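So you can see what is in the structure, the chains are spelled out below.
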Amino acid sequence: MKRNIITKVLIALTVLTAGCRASQLEQSPDKETVVETGSKGEVRSFIILPSSWSNSDELAVKTNIDRIISGIAEANYNTVIFTLEGNPLMLTEIRSGQPGIQYYFEQLKTAIEAAHHHNLHIYAGIDLTGPEPNEADVRFPQIKTYLKSFMRQLVSCCNIDGISLKPSRYPVEFLEDLFAEAMLMKPYLVSSLLYTGREEHETALKCFREGIADLIIPSMGNNEKASGILQDRFQNTVKIPDNLKKITPEQVVGLDLSEIFPDNKAGIEIMINPGNKTKLTDSEGCIGFIMPETDSIQIITSSAKLVLKTRNWLTPYKYSVQPDGGVIRKSPWVEFRRMPKNFTDVPEFELLCKTEYPAHVRINNDSVKLYKTGIFFKRIHLMEGPNRIRADIITPDSLSAFYEREFVYRKTDKMRAPLPLWIDERSVEPSVDLELLPEDAVHLRFHGSSSQEAFAEIKPGKIIIKCSREDHEDYSIYMADLPLRKLVPGKSYTITIGLISKGTRTEKKLSLELQNKLKVRLSESFPLVKIINENTRLAYNQGEIRLGGPVRAELGPGTILKTDGIIGDSYRIRLSSVENGMILKSDVEILPSETVHKTYFITSLSCAPSESSDVLTIPYPEPVPYEIHPEPDQNRITITLFGVQTSSTWITHRTGRRIIDKVTWEQTTPETYKINVNLRNTKVWGYDIRPEGRNLVLRVKYPPKYDLKNEKPLEGLKIAIEAGHGGLSTGAVGLSGLLEKDINLDLSYRLGDLCRSMGAEIVQVRDSDKDMTLIEKRDIAILSGSDLLISIHANAGGRGYLQVAGTSTYYHNPFWAPFAESVYDRLLELGLDEFGVVGSFNYTVTRVSQMPAILVEQAFLSHAADEEKLANPQFRQRMAQKIVQGIIDYLGHMTQQ
């Protein structure tokens, strides 16, 4: 009896997306079936018609709704579909005493409150039976526009969990518009289709298979009032499946095409990704659709063919398309720029949003600051389960917009248990093939289960080494040193690491054989190699080459090196009995085994003036490696040659030298010859060293001619300015989307114009938005013969949008530290925070000795206040002025006696 009553009220059965195949249910009049989803839950839906609760007495209406939903909850349903009365097209106004849209919205709000009180999901059911749009009807675009407006009102005012449409004979593309309109505001809304009869079922199934709806629901019943006899329908409660929502926010698109069809924008046929779907514009020239995630959308009309690149789009995907294929946001709008994943185990985050400045903005009903870049943000603390986060904006002319996302927080215990035993394979060192000398030792290291015993076994030979242990919260670091003298040269070995747990009744053991091989070789078996590439980096070690990394020299083609080890894709280079370097295999070629490693004796050095520089000439009959070190604290430049011995009987110093005071030498090891170029002072304008024939020649530049007292104080100077990044290399991206490459170029031109107005000759290393390698940029600056080099960048980093901030300057060569300090002191006058003057900075463009070279990091694009300043052209002009003042300060320092 109970089931007959339930069926007469109105029963729905949900068909879910399971993989990529639709399921179809057939239901008898007296039996209800529940679909298992396979995702830790099922949907038990119950449809409520207005006839079940309607009454002329408002209090009775609320009582009826509360009673029905309470009964549904007691019967262990988990979803309510609350349907509105009739087609929304029939509710545009109150006629013949019938209620209108707002009346049903108010009752829906009552139902929402009751449903959520009982932890039920609630969908708004919309019956499209009635006036049916015909695509050939001239009213079709207006009908679509009206129903989309209705959908916006519904979603804006009601805290529903989903939309259920009863399609009647509405075309699929029309239904798609309505779903898209809802999800462009609340993308978490579950989209479903109710159907009765074969025709509606075919429409619903088509929508489901094309990914337009998350699920379809067969429905049947009549308008009898619910009796409330629903108890004991299901024996237990079951949650809604986690994977119920299939359509992602990045699949929902709303496009305003009115700019493309300014004269006749209604009812235009639009082909989306040819062969995919066709849409008709509404009366305002807009379309909405749902598509697979992609990085481009192709639009074809009778008069245009456009490809929209979606790679940099941000949700919601609601844009106005321009005739050139570009897209813009039309006011009012709001977007989410940074947010957590839909399912997250992080309990808090800073939601970053953007709109058009000025506006009044709120996040979860709290007013927050709107920066002039349009960004606003708030730290959000998540409760376990679903969390709805909403951003609202109101423009100065009272237009409003909002966007709301749902994020599910699942608290997880990130502590990793020691048992069963585990080893983090990503932490294992060494992780590459090794070929080393017998006197070397290999350092073994890995992370694994905490507080265990660890070992390393070397095969063949069954050499077992016990590891030391360093305990942390939920893991331990295990380490051991393997002396290679225990291994036989010429053999290939494998390493197995393992853990043993003895704290249980039975001993447990876990072993991991490393894929990389280990080989021991004698010194004489390693080859000589010759450099084949320009600007080949000789590094101290295999540490990351980044901000001041381990580069010790850049060598050119023809230099011959002795190897004594192979570590992954690099050779270890023997420079002397106590010094080594690393070089990539790809930068060298192996010389024949009979090649002799040549050395030579230095007998004499000479130092003399030239027209533009002091010149030191060093014999260089063999292409041995060398390096040069600036040492301003000792007033000297040091040149070291490897594989060279002294036979020095004289060093010639000719008169007229302006920079070099005297030259001395040292034999620091039997194979290492060091030359100390002692300077008169540290005010150096640049130096260069390069092989010329059978000599190695060092030139220390004379100062350029300029007069700070002139009307144009920079006259006589050539200044190279490098705008960082460019082309595909955007650099940092600001919180608002401001691109580093753009503001770098803008400031470079402003700086160049100011310097030019003061008499300087300017070399814009990057003169437009184009791709350039760092070596290309450096070569342009060096070959231009510039006197100064300034690289312009903007910083990013740190957590939070108000954490790390400030301006900074950088230098590689310590002789250029005063230059960086002079500019930095002036930049601080802009009111920016201090980030500091950074030395030993390894950026390729400014890692030069030929001229004073610094890099300016304007401020942090990842800091809201800094980015707001950098986005302001007037502020960038002031920054250019401060850099110029810093240049003049440095020039003053260089002319002081």
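Shown above is the structure to which this text applies.
The numbers attached to residues start from 1 for each chain and follow its sequence in the written order. Reporting of local features is limited, given that this is a predicted model, to residues whose pLDDT is at least 70; pairs of side-chain atoms are given and counted only at 80 or more, and all residues count toward the totals for whole chains, interfaces and linings. Side-chain metrics rest on all non-hydrogen atoms present in the structure, leaving aside hydrogens and water.

Enquirer: Looking at this model, I keep getting lost on the packing of aromatic side chains. Mind explaining?
Expert: How two aromatic rings sit relative to each other is set out by the distance from centre to centre and by the angle between their planes. Stacked, tilted and edge-to-face are the three classes applied to pairs of Phe, Tyr and Trp rings, where Trp contributes its six-membered ring and a pair requires centres within 6.5 Å; stacked means planes under 30 degrees apart, edge-to-face means over 60, and tilted covers the rest. Applying the stated criterion to the full structure yields 25 aromatic pairs. Ring centres 6.4 Å apart and planes at 35° place the aromatic pair W53 and Y103 in the tilted group. One end of the pair, W53, is in the loop between β5 (45–48) and α2 (58–74); the other, Y103, is in helix α3 (residues 101–117), with 50 residues separating them in the sequence. With a relative accessible area of 1%, W53 lands in the buried category. Helix and strand assignments come from DSSP, with helices taken as H or I runs of at least 4 residues and strands as E runs of at least 2, each series counted from the N terminus. Partly exposed residues are those whose accessible area sits between 20% and 50% of the maximum for their type, while under 20% is buried and over 50% is exposed, using a 1.4 Å probe and protein chains only.

Enquirer: Just checking my understanding: could you explain empty space enclosed by the protein for this structure?
Expert: A water-sized probe, rolled over the atoms, reveals where empty space remains. Note on definitions: the grid is 1 Å and covers protein atoms alone; a cavity is a set of points where a 1.4 Å probe fits but cannot get out; a pocket is an open set with protein on both sides within 12 Å along at least five of seven lines; lining residues have an atom within 4 Å of a point. Grid points are joined across faces, edges and corners, and a volume is the space filled by probe spheres set on the points. This structure, assessed with the given rule, holds 2 cavities of 30 Å³ or more. Every residue lining the largest cavity is listed: I560, V596, H597, K598, E622, P623 and V624. Basically, the charged four are Asp, Glu, Lys and Arg, the nonpolar ten are Ala, Val, Leu, Ile, Met, Phe, Trp, Tyr, Cys and Pro, and anything else, Gly included, counts as polar. Its residues placed into classes, the lining of the largest cavity shows 4 nonpolar, 1 polar and 2 charged.

Enquirer: Explain a negative patch on the surface to me, please; I cannot follow it from the model alone.
Expert: Exposure above 30% relative accessible area and the absence of a salt bridge qualify a residue for a patch, where like charges join within 9 Å and nonpolar side chains (Val, Leu, Ile, Met, Phe, Trp, Tyr) within 5 Å. Values of accessible area rely on a 1.4 Å probe in the Shrake-Rupley scheme; residue burial ignores everything except the protein chains shown. Here, a salt bridge means any side-chain nitrogen of Lys or Arg that lies within 4 Å of a carboxyl oxygen of Asp or Glu. In this count, Lys and Arg are taken as positive residues and Asp and Glu as negative ones, while His and the chain termini are left out. Every charge is mapped onto a representative atom, which is NZ of Lys, CZ of Arg, CG of Asp or CD of Glu. On the surface, E821, D825, D833 and E834 cluster together into a patch of negative charge. Mapping D825 onto the fold places it in helix α9 (residues 817–827).

Enquirer: I tried to follow the sheet that holds strand β45 (residues 626–631) on my own but got confused; where do I start?
Expert: The strands that make up a sheet are held in pairs by hydrogen bonds between backbone atoms, and each pair lies either parallel or antiparallel. DSSP calls a pair of strands paired once it identifies at least 2 bridges connecting them. If you walk across this open sheet you meet the 4 strands as β45-β46-β49-β48, and the pairing is antiparallel. One side of each edge strand has no neighbouring strand; the edge strands of this open sheet are β45 and β48 (660–669). Strand-to-strand twist in this sheet, taken as the mean axis angle between neighbours without regard to direction, amounts to 20°. Pairing of strand β46 (residues 636–642) with strand β49 (residues 672–679), which is carried by 7 bridges, proceeds in the antiparallel orientation. When the bridges of β49 are listed, T638 appears paired with N676. Interaxial angle, 0 to 180 degrees, is taken between N-to-C directions of lines fitted to C-alpha atoms, where a helix line uses only the stretch in contact.

Enquirer: Can you help me understand α9 in this one?
Expert: Helical geometry note: an α-helix holds 3.6 residues per turn, so side chains three or four residues apart project in the same direction. Considered for burial, the residues of α9 that qualify are A817, F819, A820, S822, V823, Y824 and L827. Elements in contact with the buried residues of α9: β54 (788–795), β55 (807–810), β56 (834–838), β57 (853–860) and α11 (873–895). Contacts between residues were defined by any pair of non-hydrogen atoms, one from each residue, lying within 4.5 Å.

Enquirer: Got a minute to help me understand the environment of T110 in this structure?
Expert: Relative to the helices and strands, T110 resides in helix α3. Its relative accessible area of 16% is what places T110 among the buried residues. Sequence separation between T110 and C158 is 48 residues, and the spatial gap between their C-alpha atoms is 9.8 Å. When sequence neighbours within four positions are dropped, the list of residues in contact with T110 reads K62, I65 and D66.

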